[in-house]
Every structure is written in C-alpha cells, then in structure tokens.
Amino acid sequence: MDKIQLKAYGKINLGLDVLRKRSDGYHDLEMIMQSVGVYDDVFIEKIEENKIVVKTDSLVLENEKGNLAYMAAKLLQDEFEIHQGVQITLYKRIPIAGGMAGGSADCAATLKGINELFSLGLSQEELMERGVKLGADVPYCILGGTALAEGIGEKLTPLPNPPKASVIIAKPPISVSTAFVYGRIRPEQLGKHPDTKGIMEALEQKSLKQLASLLFNVMETVTIPEYPIIEEVKQFLLAEGALGAIMSGSGPTVFALFDSEEKARQAYERLESANLTEQLYLTEFVDRESYWK
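For the structure given in this document, a descriptive report is provided here. (Residues numbered from 1 in each chain as written. Predicted model: local features only at pLDDT ≥ 70, side-chain atom pairs only at ≥ 80, totals over all residues. Heavy atoms only, no water.)

## Some points on the overall build of the chain
Working step 1: Helix and strand content of the chain: 10 helices and 11 strands.
Working step 2: A compact globule built from 293 residues should have a C-alpha radius of gyration of about 19 Å, and the chain, at 19 Å, falls within 12% of that.
Working step 3: The proportion of buried residues among the 293 residues of the chain is 55%.
Working step 4: In the chain, once contacts between residues fewer than 6 apart in sequence are set aside, the share between residues at least 24 apart is 75%.
Working step 5: Within the chain, one finds 31 positive and 42 negative side-chain charges whose respective centroids are separated by 1 Å. (Helix = DSSP H or I, 4+ residues; strand = E, 2+ residues; numbered from the N terminus. Rg over C-alpha atoms; globule rule 2.2 N^0.38 Å. Buried < 20%, exposed > 50% of the residue type's maximum accessible area, 1.4 Å probe, protein only. Contact = heavy atoms within 4.5 Å. Lys, Arg positive; Asp, Glu negative; His and termini not counted. Charge placed at Lys NZ, Arg CZ, Asp CG, Glu CD.)

Below, the structure is given as structure tokens:
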C-alpha cells in the first residue's frame with residue numbers, strides 16, 4: 001500500500017463542564033463528545049524523499065512542524081525508525097479554531113493512516129496512548145462516536161449511540177482562542193453545570209427531545225459576552241424550530257438539533273440568507289460503527 005485516504009470527523013459537545021483548575025495549569029473536564037458528519041479529507045502517501053510534507057487548502061494553517069498532522073507523522077516515524085517520507089494533504093471542512101477539534105481529528109487520522117500504511121500493528125488503544133501526547137482531544141478523535149470524556153479529555157468511556165437527528169453546524173465569521181477562554185473561565189464561580197447523568201440517560205433511552213433539552217456548555221459564560229453573535233445564531237436556530245442549540249467546545253461554532261430533516265433544511269436556508277455565518281452545514285450524528293468506514 002502506497003497511499004491511504006481517511007475521513008477526519010469533527011466533534012460537538014452535548015455537554016461540557018469545567019470542574020476545576022489543576023496544579024499543572026490544565027482543567028479537569030467532564031464532557032459528552034459526539035462525532036458529526038462534517039469531516040476533513042486526509043490523504044497520506046509515501047514519497048521518495050525521507051521527509052514529512054503537509055499540504056492544505058487553507059491559508060491560515062501551519063503546514064510544517066506546527067501542524068498536528070505533521071507531529072503525528074513525526075512521532076511514529078521517530079519511534080518506529082521509518083526512513084521513508086510521506087506527504088499529508090488535508091482538505092479542510094471542519095471550522096478552524098471553531099471548537100470542533102479539527103486539528104485533533106486530522107492528527108488522529110494521520111496516526112491511524114501511518115499505522116496502516118507502514119503496517120505498524122498498533123491497536124486503537126496504543127494509538128490513543130500516543131495521541132494524548134499530541135493533544136487532549138486526539139484520543140477521542142481516534143475512538144469517535146459518543147463518549148464521556150473526563151480528566152483533560154483523555155479518560156474516555158464509550159456511550160450508547162444517540163437518537164437520530166438532523167444537525168445544523170453554524171460557524172459565525174469570527175475565531176476564538178481556546179487559550180483565551182480557558183484563561184478566563186472560573187469553575188468555582190459557575191452557577192450552572194450540565195446534567196451529565198441526564199444526558200447519558202437520554203442517550204440510553206434514545207430520547208432526542210430529552211437530550212436536546214439538556215444541552216449545556218459552561219464555556220458560553222466566557223465566549224458569548226465577548227462575541228454576542230454566538231447567542232444571535234443560537235436564538236435564530238431555536239426560533240426556526242431547533243429542539244436545542246449550544247456552542248461547541250470553546251466556540252464559536254454553534255450546533256442545533258432537529259427532529260425533522262425538512263424543518264432543519266428550512267432553518268439552514270433561512271440562516272444562510274441571514275448572513276450570520278461563514279460556514280454552515282446540515283448533517284447528522286456519526287456513530288462509532290461508521291466512524292472509520
């Protein structure tokens with residue numbers, strides 16, 4: 001095998017809680033992660049020269065050592081003493097700096113792709129152990145589907161697949177720094193937290209209505225006051241019939257859940273006309289069984 005193509009799926013947070021700041025500067029989190037059908041195409045091919053080349057169709061991404069896909073390839077190349085080069089080409093759809101783990105998804109796909117391309121024989125768990133060295137979301141992006149994430153996001157418990165839903169992904173024309181949001185959040189001052197157990201019960205019962213009513217992200221307390229357009233997009237989607245709508249991750253991407261594809265399509269078209277977004281998708285959940293297909 002000389003080349004491989006993978007889909008690197010983005011994620012949303014059905015619930016996101018920040019429990020405390022740790023002595024190492026990170027935060028302890030409790031999140032329900034969910035893959036959605038917005039993905040980057042990742043192409044990896046062997047090349048003659050012994051080097052790592054990263055190409056993207058984005059003008060804002062680092063294409064060399066600062067790119068997580070580069071770091072993933074380098075990590076495996078060094079560990080397994082691979083003396084053949086690779087070219088990694090990323091076609092981006094997941095919003096960049098949008099709270100959907102696009103960089104981590106590309107990193108996860110690169111780890112998986114290099115593992116297969118060079119027949120390294122690493123298990124999913126072994127890939128996840130290496131992934132956490134590169135980013136807290138990388139292990140989840142290797143696992144995919146629906147999961148409870150704890151610690152800094154690396155402690156993962158698979159959860160039941162969610163009920164069927166139409167999902168709108170809407171990124172306003174702004175970018176938000178994750179470091180800025182984490183630097184300003186004060187866990188001890190948060191008045192409300194997600195009902196994580198309730199969300200897990202809704203998944204167990206396959207109740208979309210209950211799930212949508214429990215969507216909650218504490219990061220909104222920092223991001224929305226700074227960027228009110230996020231709330232504007234949320235309210236627009238709720239007014240269009242969404243069962244629930246919240247920001248994903250540290251933002252600014254908003255997602256909304258609908259129980260009708262027709263209703264979701266209508267909301268999508270109206271939001272597109274409102275000029276509140278720079279990226280807009282109508283998609284659905286991706287379950288673990290379909291994740292690397």
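## Some details on the environment of glutamine 5
Working step 1: When you line up the elements, glutamine 5 lands in strand β1 (residues 3-21).
Working step 2: With 259 residues separating them along the chain, glutamine 5 and alanine 264 place their C-alpha atoms 30 Å apart.

## Points about empty space enclosed by the protein
Rolled over the atoms, a probe sized like a water molecule indicates the empty space that remains.
Working step 1: Per the stated rule, a full pass over the model turns up 1 cavity of 30 Å³ or more.
Working step 2: Approximately 30 Å³ is the volume found for the largest cavity.
Working step 3: Among the elements that take part in the lining of the largest cavity, helix α1 (residues 68-79) stands out by supplying 3 residues, more than any other.
Working step 4: Residue composition of the lining of the largest cavity, by class: 7 nonpolar, 2 polar and no charged. (1 Å grid on protein atoms, 1.4 Å probe; cavity = no way out; pocket = protein on both sides within 12 Å on 5 of 7 lines; lining within 4 Å. Points joined across faces, edges and corners; volume = space filled by probe spheres on them. Nonpolar A, V, L, I, M, F, W, Y, C, P; charged D, E, K, R; others polar.)

## Some details on the pattern of salt bridges
Working step 1: Counted according to the given criterion, the structure contains 17 salt bridges.
Working step 2: In this structure, lysine 171 and glutamate 278 form a salt bridge, with 2.7 Å as the shortest nitrogen-oxygen distance. With lysine 171 in strand β7 (residues 166-171) and glutamate 278 in the loop between α10 (261-273) and β11 (279-284), this residue pair connects regions lying 107 residues apart in the sequence.
Working step 3: Residue glutamate 240 pairs with arginine 270 through a salt bridge whose shortest N-O separation is 3.0 Å. You can see glutamate 240 sitting in the loop between α9 (229-239) and β9 (244-247) and its partner arginine 270 sitting in helix α10, a full 30 residues away along the chain. (Salt bridge = Lys/Arg side-chain N within 4 Å of Asp/Glu carboxyl O.)

## Overview of the sheet that holds β11
Working step 1: Here 4 strands make up an open sheet; going across it, the order is β9-β10-β7-β11 and the pairing antiparallel. The open sheet has two free edges, formed respectively by β9 and β11, since each of these has just one partner strand. Sheet twist, expressed as the average angle between the axes of neighbouring strands with direction ignored, equals 15 degrees.
Working step 2: Seen against the sheet, α10 touches β7, β10 (254-258) and β11 and runs at an angle of roughly 175 degrees to β11. (Pairing = 2+ DSSP bridges. Axes fitted to C-alpha atoms, helices over the stretch in contact; angles between N-to-C directions.)

## Points about the packing of α1 against helix α2 (residues 102-117)
Working step 1: In contact at an axis separation of 8 Å, α1 and α2 are set at 30 degrees when each is read in the N-to-C sense. Of the possible angle classes, the one that applies to α1 and α2 is roughly parallel. Two packed elements cross with a definite hand, and for α1 against α2 that hand is right-handed. Here Leu68, Ala69, Ala72, Ala73 and Leu76 of α1 come into contact with α2, specifically with Gly103, Ser104, Asp106, Cys107, Thr110, Leu111, Ile114 and Asn115.
Working step 2: Classifying every residue of the contact of α1 with α2 by side-chain character gives 8 nonpolar, 4 polar and 1 charged. (Parallel < 35°, antiparallel > 145°, perpendicular 65-115°, else oblique. Left-handed = near helix turned anticlockwise from the far one by under 90°.)

## Concerning helix α3 (residues 124-131)
Working step 1: Among the residues of α3, those classed as buried are Leu127, Met128, Arg130 and Gly131. Buried residues of α3, seen end-on, are gathered within an arc of 160 degrees and therefore sit on one face of the element.
Working step 2: Residues of α3 that are buried make contact with α1, α2, α4 (138-143) and β6 (155-158). (Arc of directions from axis to C-beta.)

## Some thoughts on unusual backbone geometry
Working step 1: Cis geometry is found at the peptide bond from glycine 251 to proline 252, where omega equals 5 degrees.
Working step 2: Despite not being glycine, alanine 97 has its phi angle at roughly 50 degrees, a positive value.
Working step 3: Relative to the helices and strands, alanine 97 is located in the loop between β4 (85-91) and α2.
Working step 4: In this structure, serine 119 is a non-glycine residue whose phi angle is positive, near 50 degrees.
Working step 5: Considering the arrangement of structural elements, one finds serine 119 in the loop between α2 and α3.

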